[in-house]
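Residues per chain are reported as follows:
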Amino acid sequence: MTGRESVFSDPTIIQLASERFVPVAENSSALERQADDKGEFFRHVVEQGHYGGRTFPTATRQGSYTFLPDGTFLASINSVDPERMAGMMREALARLERADDLGEPSPVQLAEAGPDADLYPADGLVLEATVRDLPRPDGTPTDGKWNIDYVWLTRDEARSLVPERVSVGEHREISWPIVRRLARFHLRDYVRGEPFNWSERAIRHGELATEVVDVSGAQVCLRLTGAVRLQDEVEWVAPEDGETKRYDCGFDCTVQGEAIWDAGQEEFTAFEMVAVGDRWGTNQYNFRYDDLGPAPMGIAFVLAGRSPSERTAPHCLVTWRPPEQRARRPSRVSVAPDEYFG
Amino acid sequence: MATHASADIPPGDDHRALIEYIRPRPDETRWREIPWQTDIRDACRIAVETGKPVFLWAMNGNPLGCT
């Protein structure tokens, strides 16, 4: 995520990427394994790049790649230095202009459409979630990192957040499948990186409710309240030394907010919710080894926009395998749609 | 990297102030000014139409979401 605020916030990079290229962002770990034409196409490109053939210390192919739409490789780099990135982009453009010494197109060309599931709930409730450390009581400075994710609720689930009678004072407990989804997959510590999903047993307490606090024509104003406590012992084997790591992890938070339901359109026109509390522990990929806490963290949920990037799937949700393959590799960072939606 | 000062954090239960504190500021979201596509298939189709090469940002997780 450092790249967002360094390389991709640089005016030169923004201009080059926007005007001279067709910019696209995707999940590297998915593409590295994807068993279809897109995965083959991606691997043809990246094996000619900066990490081509590498297996140690990891086999990751993360980075930035430039290529032609037939898969002909131009140049690549993995860097958070804007000058080095700009150099790579200019090198790609120069190679293209010279049109010599270019490699081969991908032997596997992209089909017009793939097996990726289009699960985006266009008529449902899509929230953008931002996580950030909150100031520490002892004044210890935080590092300013933050991260985002997306929450998906279907149309029926969105409607279920509203009390059946929309009169001031009416109250509704939010259904367990929604509380569970928020708890397991969205009330996580992803400030610094990708955390594991919470297991079912980690949900020690979970309750969320709405209450009608105002009605003005079709506009129904709801107050959101709740509390969730998550706690589990998490373990994994570290590839660097083969040791089993074990940490007690948790997030104990209260939830509050307000939302506007348009009863005529049957959709939320505003949604503001925040979960605030202490988190502790670390996972394999969320880089909290030096900050085990407990320490305060907040997650803010607001309506997402409709741009392509705001259709990004929830981090945990696997949409990139054919249906018959989605549950084949259960992972602690990704789940099949059935497990997400419950 | 810019950090918030402790004095910025709102006391009590003001959820709007907390959300404003947590959500990214404009200077933290310049990367969104780039018109990112989210699928290599779409990017390659547009590249054919426009005659431009593709620029792929590939990170674990998703660079446009949780990474």
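Scroll up for the structure.
If you're wondering where the values come from, they're calculated on a predicted model, not measured in any experiment. (Residues numbered from 1 in each chain as written. Chains lettered and ligands numbered in written order. Predicted model: local features only at pLDDT ≥ 70, side-chain atom pairs only at ≥ 80, totals over all residues. Heavy atoms only, no water.)

1. Some details on the overall build of chain A
What chain A contains, in helices and strands, is eight helices and 11 strands. The C-alpha atoms of chain A give 22 Å as radius of gyration, which agrees with the globular expectation for 342 residues (20 Å, within 12%). With the C-alpha coordinates aligned to their principal axes, the bounding extent of chain A is approximately 70 × 50 × 40 Å. Buried residues in chain A amount to 55% of all 342 residues. Accessible surface, chain A as shown: approximately 14,800 Å² in total, 48% of it carbon and sulfur. Chain A carries 38 positive and 57 negative side-chain charges, and their two centres are separated by 3 Å. (Helix = DSSP H or I, 4+ residues; strand = E, 2+ residues; numbered from the N terminus. Rg over C-alpha atoms; globule rule 2.2 N^0.38 Å. Buried < 20%, exposed > 50% of the residue type's maximum accessible area, 1.4 Å probe, protein only. Areas by Shrake-Rupley, 256 points an atom, 1.4 Å probe, with all protein chains shown as cover. Lys, Arg positive; Asp, Glu negative; His and termini not counted. Charge placed at Lys NZ, Arg CZ, Asp CG, Glu CD.)

2. Let's talk about the pattern of salt bridges
Scanning all chains against the criterion turns up 40 salt bridges over all chains. As a salt-bridge pair, Arg-23 of chain B and Glu-128 of chain A come within 2.7 Å of each other at their nearest N and O atoms. A residue pair is termed interchain when its members come from two chains, as with Arg-23 of chain B in the loop between helix H1 (15–22) and helix H2 (40–50) and Glu-128 of chain A in strand S4 (residues 125–133). You can call Arg-23 of chain B partly exposed: its relative accessible area is 25%. Residue class for Glu-128 of chain A comes out buried when judged on its relative accessible area of 2%. Glu-28 of chain B is the partner of Arg-132 of chain A in a salt bridge, and the nearest nitrogen-oxygen pair spans 2.9 Å. One end of the pair, Arg-132 of chain A, is in strand S4; the other, Glu-28 of chain B, is in the loop between H1 and H2, on a second chain. Neither residue differs from the other here; Arg-132 of chain A and Glu-28 of chain B are each classed as buried. (Salt bridge = Lys/Arg side-chain N within 4 Å of Asp/Glu carboxyl O.)

3. As for the packing of helix H2 (residues 11–20) of chain A against helix H5 (residues 82–98) of chain A
Residues and elements named next belong to chain A. Taken N-terminus to C-terminus, the directions of H2 and H5 make an angle of 25 degrees; their axes are 9 Å apart at the nearest point. Relative to H5, the element H2 lies roughly parallel. Relative to H5, the crossing made by H2 is left-handed. Residue-level inspection shows Thr-12, Ile-13, Leu-16, Ala-17 and Arg-20 of H2 in contact with H5, the latter providing Pro-82, Met-85, Ala-86, Met-89, Arg-90 and Leu-93. (Axes fitted to C-alpha atoms, helices over the stretch in contact; angles between N-to-C directions. Parallel < 35°, antiparallel > 145°, perpendicular 65-115°, else oblique. Left-handed = near helix turned anticlockwise from the far one by under 90°. Contact = heavy atoms within 4.5 Å.)

4. Quick look at H2 of chain A
All names here are of chain A. Listing the buried residues of H2 in full gives Ile-13, Ile-14, Leu-16 and Ala-17. Turning to H2, the residues buried within the fold contact strand S1 (22–27) and H5. Where H2 begins, one side-chain oxygen reaches toward the backbone nitrogen of Thr-12, 3.0 Å away; that side chain belongs to Asp-10. (Polar contact = N/O pair within 3.5 Å; in protein donor to acceptor, adjacent residues only side chain to side chain.)

5. Quick word on the interface of chain B and chain A
Taken together, the contacts link 52 residues of chain B with 84 residues of chain A. Summing both sides of the interface, chain B and chain A together bury roughly 6,200 Å²; the carbon and sulfur share of this comes to 63%. Sorting the residues of chain B by area buried against chain A places Ile-22, Arg-41 and Phe-55 of chain B first, and these three jointly supply 15% of that buried surface. Applying the counting criterion to the chain B and chain A interface returns eight salt bridges. A salt bridge links Lys-38 of chain A to Asp-39 of chain B; the nearest nitrogen and oxygen atoms lie 3.2 Å apart. (Buried area = accessible area lost by both parts, 1.4 Å probe.)

6. Notes on the sheet that holds strand S3 (residues 73–77) of chain A
Pairing is mixed in the open sheet, where four strands are placed in the order S1(A)-S1(B)-S2(A)-S3(A). Among the strands making up the open sheet, the edge pair consists of S1 and S3 of chain A. Taking the axes of each pair of neighbouring strands and ignoring which way they run, one obtains an average angle of 20 degrees across the sheet. Taken together, the four bridges between strand S2 (residues 63–67) of chain A and S3 of chain A define a ladder with antiparallel strand orientation. Counterpart to Phe-67 of chain A in the pairing with S3 of chain A is Phe-73 of chain A. Across the sheet, H2 of chain B lies against S1 and S2 of chain A together with strand S1 (54–59) of chain B, angled at about 170 degrees from S1 of chain A, the strand it touches most. (Pairing = 2+ DSSP bridges.)

7. Points about the pairing of strand S9 (residues 244–262) of chain A
Residue and element names in this part refer to chain A. Relative to S9, strand S8 (residues 219–237) runs antiparallel, the two being bridged by 19 bridges. Paired with Glu-235 across the strands is Arg-246, a residue of S9. In sequence, S8 turns back onto S9 through a hairpin of six residues, with Gly-242 there showing a positive phi of about 75 degrees. The turn linking S9 back onto strand S10 (residues 267–280) is made up of four residues, and Glu-266 within it adopts a positive phi angle of 55 degrees.

8. Here's the deal with helix H4 (residues 37–46) of chain A
Across the 10 residues of H4 of chain A, eight count as buried, placing the element largely inside the fold. Listed in full, the buried residues belonging to H4 of chain A are Asp-37, Lys-38, Gly-39, Phe-41, Phe-42, His-44, Val-45 and Val-46 of chain A. Lining the buried residues of H4 of chain A we find S1, helix H3 (28–33), S2 and S3 of chain A together with H2 and S1 of chain B.

9. Looking at the packing of aromatic side chains
Tallied over the entire structure, the rule returns 16 aromatic pairs over all chains. Residues Phe-41 of chain A and Phe-67 of chain A carry aromatic rings whose centres are separated by 5.8 Å and whose planes lie at 70 degrees to one another, so their mutual orientation is edge-to-face. Note that Phe-41 of chain A is positioned in helix H4 and Phe-67 of chain A in strand S2, a separation of 26 residues in sequence. Every member of this aromatic cluster is reached through a ring pair, and the members are Phe-8 and Phe-21 of chain A together with Trp-36, Phe-55 and Trp-57 of chain B. Lying over the aromatic face of Trp-31 of chain B, Arg-4 of chain A brings its terminal NZ or CZ to 4.9 Å of the ring centre. (Phe/Tyr/Trp six-rings, centres within 6.5 Å; stacked < 30°, edge-to-face > 60°. Lys NZ or Arg CZ within 6 Å of the ring centre and 35° of its normal.)

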